[in-house]
Amino acid sequence: GKAHPFRRLTTPEPSLIRGLRVSSLNQYLIILFKDRPFELWDINSFSLLYTFKPYSQVSALEWAVQEKSSSNTTTSMDPALILSSASSIMTDMLTRSSSQPQTGYDEEEDEVELLRPPTNISNNHPSTTYISEMFVFQSPEGVKVFQVKGTQVHPVDQQVDLGSGVITSLAWKNEIIVSSDTAGNLHCWLLDRFKKVQA
C-alpha cells in the first residue's frame with residue numbers, strides 16, 4: 001500500500017495525539033488530542049474539514065457502525081438507506097438534522113471553529129458522493145451526537161444519558177449506544193426507547 005501524510009508540520013506536534021477514529025464507511029478520520037480540540041478530516045481528499053474548538057477535553061468518541069447497502073446507495077439521498085439496519089430511530093435523527101439549514105454551524109452560537117475545506121477538494125475528487133455518518137462523544141458539557149455528510153457537520157438533537165461518570169469508551173450500533181466509565185460501570189442507552197440500562 002501507499003502512505004499518505006494527513007498532517008504536515010514544520011514544528012513539533014504541539015499536543016500528543018491520543019486517538020484516531022476512522023468512520024465505518026472510511027470517509028472521515030477524527031484525530032483526538034490530549035489537550036486540544038479534535039479534528040475532522042476528509043479521507044478522500046486528505047483535507048482538514050473542521051476543528052471542534054469548544055471540545056478540547058473529550059474522554060471518549062466513536063462512530064456509529066454502518067454499512068453500504070447491497071445495492072449501490074452512494075448516490076442515494078434517502079436517509080433511510082444511510083444505516084444498514086434502517087432503524088426508525090436513526091432515520092428520524094437524520095431527518096431532524098437534515099431539516100436544519102445546510103450551511104454549517106452558526107459560529108457565534110456554537111463557538112465552533114470551522115476550517116473551510118480547500119477549494120480544490122471538488123476538483124480533485126469530482127465524482128465523490130458522500131453518505132451521512134454519525135458519531136458520539138463525551139465532553140465536560142455532556143454527551144454529544146453529530147452528523148457528517150461531505151463538508152456539512154451538524155449537531156443532532158438526541159437525548160443520550162450515559163450516567164454522570166467519566167466515560168472511557170463508547171460503542172454505537174443501530175439503536176444502541178454502550179459506554180464504560182472510570183468506576184467500572186457499563187451503561188446501555190436505547191435510542192428508540194429513551195431508556196438507560198445499567199449493568
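Residues numbered from 1 in each chain as written. Predicted model: local features only at pLDDT ≥ 70, side-chain atom pairs only at ≥ 80, totals over all residues. Heavy atoms only, no water.

**Quick notes on the sheet that holds strand E1 (residues 17–22)**
Item 1. In spatial order, the strands read E1-E2-E3-E4; together these four strands make up an open sheet with antiparallel pairing. Lying at the two open borders of the sheet, with one neighbouring strand each, are E1 and strand E4 (47–51). For this sheet, the mean angle separating the axes of adjacent strands, direction not counted, is 25°.
Item 2. Bridge analysis of strand E3 (residues 39–42) against E4 gives four bridges, and the strand direction is antiparallel. Within E4, the residue paired with Trp41 across the bridge is Leu48. (Pairing = 2+ DSSP bridges. Helix = DSSP H or I, 4+ residues; strand = E, 2+ residues; numbered from the N terminus. Axes fitted to C-alpha atoms, helices over the stretch in contact; angles between N-to-C directions.)

**Notes on the pattern of salt bridges**
Item 1. Inspection of every chain in the model, using the stated rule, returns two salt bridges.
Item 2. Arg36 is the partner of Glu39 in a salt bridge, and the nearest nitrogen-oxygen pair spans 3.8 Å.
Item 3. According to the relative accessible area criterion, Glu39 is buried, its value standing at 4%. (Salt bridge = Lys/Arg side-chain N within 4 Å of Asp/Glu carboxyl O. Buried < 20%, exposed > 50% of the residue type's maximum accessible area, 1.4 Å probe, protein only.)

**So, the environment of Leu170**
Item 1. Structurally, Leu170 is set in strand E9 (residues 167–173).
Item 2. Separated by 32 residues in the primary sequence, Leu170 and Gln138 place their C-alpha atoms 9.0 Å from one another.

**Some words on the packing of aromatic side chains**
Item 1. For the structure on display, the rule yields 13 aromatic pairs.
Item 2. When the ring of Tyr55 is compared with that of Phe137, the centres are 5.0 Å apart and the planes differ by 70°; the resulting orientation is edge-to-face. Here Tyr55 is found in the loop between E4 and strand E5 (60–65), whereas its partner Phe137 is found in strand E6 (residues 133–139), with 82 residues between them in sequence.
Item 3. A relative accessible area of 0% places Phe137 in the buried class.
Item 4. The cationic tip of Arg36 hangs over the ring face of Phe33; the distance from NZ or CZ to the ring centre is 4.7 Å. (Phe/Tyr/Trp six-rings, centres within 6.5 Å; stacked < 30°, edge-to-face > 60°. Lys NZ or Arg CZ within 6 Å of the ring centre and 35° of its normal.)

**Looking at the nonpolar core**
Item 1. Membership of the largest hydrophobic core comes to 18 residues, with the highest contact counts inside it found for Ile30, Phe38, Leu40, Phe52, Leu61, Phe135 and Phe137.
Item 2. Ignoring sequence-local partners within four residues, the contact set of Phe135 consists of Ile30, Phe38, Phe52, Leu61, Glu62, Trp63, Ala64, Lys144, Val145, Phe146, Val148 and Trp172.
Item 3. The next biggest cluster of nonpolar side chains, apart from the first, holds 14 residues, and it includes Ala60, Ile167, Trp189 and Leu191. (Core = buried A, V, L, I, M, F, W, Y, C linked by side-chain atoms within 4.5 Å. Contact = heavy atoms within 4.5 Å.)

**Brief notes about unusual backbone geometry**
Item 1. One non-glycine residue, Phe46, lies in the positive phi region at around 55°.
Item 2. With respect to the element layout, Phe46 can be found in the loop between E3 and E4.
Item 3. The backbone of Asn174 shows a phi angle near 55°, a positive value even though the residue is not glycine.
Item 4. With respect to the helices and strands, the residue Asn174 is situated in the loop between E9 and strand E10 (176–181).

**Brief notes about the environment of Ala60**
Item 1. Mapped onto the elements of the fold, Ala60 is located in strand E5.
Item 2. Distance in space between the C-alpha atoms of Ala60 and Ser179 is 8.9 Å, their sequence separation being 119 residues.
Item 3. For Ala60, the contacting residues outside a window of four places in its chain are Val136, Phe137, Gln138, Ile167, Thr168, Ser169 and Leu170.

**Quick notes on the side chain of Asp181**
Item 1. Along the chain, Asp181 turns up in strand E10.
Item 2. According to the relative accessible area criterion, Asp181 is buried, its value standing at 8%.
Item 3. Once you skip the residues sitting within four places of it in the chain, Asp181 turns out to touch Gly165, Val166, Ile167, Thr168 and His187.

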